[in-house]
Amino acid sequence: MEIPEKYKYLFTGKHFAHLATINSDGSPQVTPVWVDLNDNQGWVVINTAKGRKKDTNLLLGSKVAMSIQDIDDPYKYIAIQGTVIDKTENGALDHIIKLANRYFDRDFSRAEGEIRVIISIIPRFIYCSEIE
């Protein structure tokens, strides 16, 4: 599925996503995350540190759900269910620096020894909502 053009701005502004994953014991886990969009592929992209819950819960093929709410209009949001399609350390440091500049207007400072991971999600279901 493709992200509707009208909602792509949620992936380029300072809008946080709430990412739901499943822990190894089957319990749900939700985390607010910075979010990006690989518009060429149509993939939703997040970045995390290796070893964090998101990293350990999201293996290739894992199912995921998220919502991204407009910070200026909380009744406008997109909800996505998808599948992890790619996971890589390649380019992850540059990517988190890009996100930090977008969300914080400054460079990213990582903990010593921290390894970053880009997780790409292909949307399988998309719901868009707004009250006009």
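Since we're looking at a predicted model, the values are computed, not measured.

K.L.:
Sorry, what's going on with the sheet that holds strand β3 (residues 36-38) here?
P.N.:
To summarise the sheet geometry, strands pair through backbone hydrogen bonds and adopt either a parallel or an antiparallel arrangement. The seven strands lie next to each other as β2-β1-β5-β6-β7-β4-β3, forming an open sheet whose pairing is antiparallel. Both edges of this open sheet fall to β2 (28-33) and β3, since each of them pairs with a single strand only. The sheet shows a mean angle of 35 degrees between the axes of neighbouring strands, taken without regard to direction. Pairing of strand β6 (residues 77-88) with strand β7 (residues 116-129) involves 11 bridges; the strand directions are antiparallel. By the bridge assignment for β7, Thr 88 is matched with Ile 118. Contacts from helix α2 (residues 92-104) reach β3, β4 (43-49), β6 and β7, with the element oriented near 55 degrees to β7.

K.L.:
I would appreciate a short explanation of the pairing of β6 in the present structure.
P.N.:
Within a regular beta strand, the side chains point alternately toward one face of the sheet and then the other, so they alternate between its two faces. Bridging between strand β5 (residues 63-69) and β6 involves seven bridges; their strand directions are antiparallel. From the neighbouring strand, Met 66 faces β6, where its bridge partner is Ile 80.

K.L.:
Looking at this structure, how should I read the pairing of β2?
P.N.:
Burial of β2 is one-sided: the residues Gln 29, Thr 31 and Val 33 facing one way are buried, the residues Pro 28, Val 30 and Pro 32 facing the other way are not. Of the pairings in the sheet, the one linking strand β1 (residues 17-22) to β2 comprises six bridges and is antiparallel in character. What sits directly across from His 18, in β2, is Pro 32. Between β1 and β2, which follow one another and run antiparallel, lie five residues, and Gly 26 among them has a positive phi close to 90 degrees.

K.L.:
What exactly am I supposed to notice about the side chain of Arg 102 here?
P.N.:
Take Arg 102: it is sitting in helix α2. With near-sequence residues (within four places) excluded, Arg 102 lies in contact with Phe 11, Thr 12, Gly 13, Lys 14, Val 35 and Asp 36.

K.L.:
Any chance you could explain a nonpolar patch on the surface here in plain terms?
P.N.:
Together, Met 1, Phe 125 and Tyr 127 make up a nonpolar patch on the protein surface, roughly 330 Å² of accessible area in all. You can see Phe 125 is positioned in strand β7.

K.L.:
Would you mind going over the pattern of salt bridges with me for this structure?
P.N.:
Close approach of charged atoms allows side chains with opposite charge to pair. Evaluation of the coordinates by the stated rule reveals eight salt bridges. The closest approach of N and O atoms between Glu 114 and Arg 52, which form a salt bridge, is 3.5 Å. You can see Glu 114 sitting in the loop between α2 and β7 and its partner Arg 52 sitting in the loop between β4 and α1 (53-57), a full 62 residues away along the chain. Residue Glu 114 is classed as buried on the basis of its relative accessible area of 12%. Through salt bridges with shared partners, a single network forms among Glu 5, Lys 8 and Asp 39.

Criteria and thresholds
Residues numbered from 1 in each chain as written. Predicted model: local features only at pLDDT ≥ 70, side-chain atom pairs only at ≥ 80, totals over all residues. Heavy atoms only, no water. Pairing = 2+ DSSP bridges. Helix = DSSP H or I, 4+ residues; strand = E, 2+ residues; numbered from the N terminus. Axes fitted to C-alpha atoms, helices over the stretch in contact; angles between N-to-C directions. Contact = heavy atoms within 4.5 Å. Buried < 20%, exposed > 50% of the residue type's maximum accessible area, 1.4 Å probe, protein only. Patch = residues over 30% accessible without salt bridge, like charges linked within 9 Å, V, L, I, M, F, W, Y side chains within 5 Å. Areas by Shrake-Rupley, 256 points an atom, 1.4 Å probe, with all protein chains shown as cover. Salt bridge = Lys/Arg side-chain N within 4 Å of Asp/Glu carboxyl O.

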